[in-house]
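What follows is each chain in one-letter form.
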Amino acid sequence: MIRPDPGGGNRGIRNRSWRQRESDPGTAPVFSLRGAGVRFGATWALEGVDLEVGAGERVALVGPSGAGKTTLLSLLNGSRRPTAGRVAVLGRDLATVRPSELRHLQRRVGTVHQQHHLVGPLRVVHNVNAGRLGEWSLLEAVRSLISPTDVAAAEAALARVGIAEKLYERTDTLSGGQQQRVALARVLVQRPVAILGDEPISSLDPARAEEVMQLLAGLAGDAGRALVVSLHAVEHALRHCNRLVGLRQGRLVFDAAAAEVTPVMVEELYRIDQSTDEHGEGAA
Ligand SMILES: Nc1ncnc2c1ncn2[C@@H]1O[C@H](COP(=O)(O)OP(=O)(O)OP(=O)(O)O)[C@@H](O)[C@H]1O
Ligand SMILES: [Mg+2]
């Protein structure tokens, strides 16, 4: 799990541009957090988190409501800056990279949410292509709305998530599970090195939830992407992820291979502590 320091005193690696360095497989973990913390007012939502996630890993973030799962995901995709510690993506510290590199790295990390943030009245192809907006010029983006640009990439992404035939359908005519697939396709056209999911299955029925989890795990397997997903259902985490990270009151309480997670560890993680004012809600 722990990889050598990407710079590592290797002048050859250090002297190359960040784009070249990023394309080197295996030189840096996808995510690396050192002593990362986030404070909201007087409260630490996350504190002292050390975590490394490598290519191809499927990591579930589990823990009671308010444990800091969403906050951790927001550090990984760079939408929030840590109050303490450092966060690196592909070996690049998000606090010190140039704004252009920060945007580039953020585009390589795709995030799916419980709410898909799709535009219902638009055709599916436009919602998928929205994943490209960060790399397109304004002119290309506007042109794409009038006549879809790069339909082939959108179609390939939809094929990968099993709904290629929906390309020109109005998005709001699709079922919840199909819309979650459109959201996944939108992430895929970003050519992500990592996919983050914040409770991506919590609004789906059990059968659809299982399908989407299988899909997410498969997408992580393609091209050695990393998957980091917050889940309330520990059984999904155990079935589809190879590593579980348990968070409680903003602290990492375990980081273990799925096969090593015991019922006692899960019970302890979700234990309702009467003596504190924490927000534990019981195991899923
Ligand atoms: N924008 C914010 N401002 C103030 N406090 C916040 C903010 N976002 C999160 N918090 C607090 O930080 C802590 C962690 O919240 P977070 O949303 O990361 O938990 P979570 O594990 O994702 O919970 P859930 O399972 O309910 O989604 C909570 O105490 C929460 O109230
Ligand atoms: Mg959350």
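Above this text sits the structure in question.
A short tour of the structure in this document, coming up. Along every chain, residues carry numbers that run from 1 in the direction the sequence is written. All chains are assigned letters beginning with A, and all ligands numbers beginning with 1, in the order in which they are written. Local features are withheld for residues below a pLDDT of 70 in this predicted model, meaning they are given only at 70 or higher, and side-chain atom pairs are given and counted only at 80 or more; totals for whole chains, interfaces and linings count all residues.

Focus: the sheet that holds strand β5 (residues 92-93)
Between any two strands, at least two bridges found by DSSP are needed for them to pair. Put simply, DSSP marks the helices as runs of H or I at least four residues long and the strands as runs of E at least two long, and each gets a number from the N terminus on. Read across the open sheet, the four strands follow the order β2-β1-β4-β5; overall the sheet is antiparallel. The open sheet has two edge strands with one neighbour each: β2 (43-53) and β5. As judged from the two bridges shared by strand β4 (residues 84-89) and β5, these two strands associate in the antiparallel manner. Paired with Ala88 across the two strands is Asp93, which belongs to β5.

Description of the site of ligand 1
Each residue gets a C-beta atom placed from its backbone. Should that atom fall within 6 Å of a molecule or strand, the residue is termed near it. Around ligand 1, the neighbouring residues are Phe40, Ala45, Gly63, Ser65, Gly66, Ala67, Gly68, Lys69, Thr70 and Thr71. The biggest single contributor to the shell around ligand 1 is helix α3 (residues 69-76), with three residues. In the shell around ligand 1, the residues fall into three nonpolar, six polar and one charged. Each residue receives one of three labels: charged for Asp, Glu, Lys and Arg, nonpolar for Ala, Val, Leu, Ile, Met, Phe, Trp, Tyr, Cys and Pro, and polar for the others, Gly being one of them.

Some details on the packing of helix α8 (residues 176-188) against helix α9 (residues 206-221)
Only the stretch in contact is used when fitting a helix axis, every axis being a line fitted to C-alpha atoms; angles between N-to-C directions are given from 0 to 180 degrees. Contact geometry of α8 with α9 gives a least axis separation of 10 Å together with a crossing angle of 15 degrees. Judged by the inter-axis angle, α8 sits roughly parallel to α9. As α8 runs across α9, the sense of the crossing is right-handed. Along the contact surface, α8 presents Gly176, Gly177, Gln180, Leu184 and Leu188, while α9 presents Arg208, Glu211, Val212, Leu215 and Leu219. Residues that form the contact of α8 with α9 fall into these classes: five nonpolar, three polar and two charged. Any angle between 65 and 115 degrees counts as roughly perpendicular, while under 35 counts as roughly parallel, over 145 as roughly antiparallel, and the rest as oblique. Each helix crossing is assigned a hand: it is left-handed if the near helix lies turned anticlockwise from the far helix by less than a right angle, otherwise right-handed if that turn is clockwise. Two residues form a contact once the distance between their C-beta atoms, set from the backbone, is within 7 Å.

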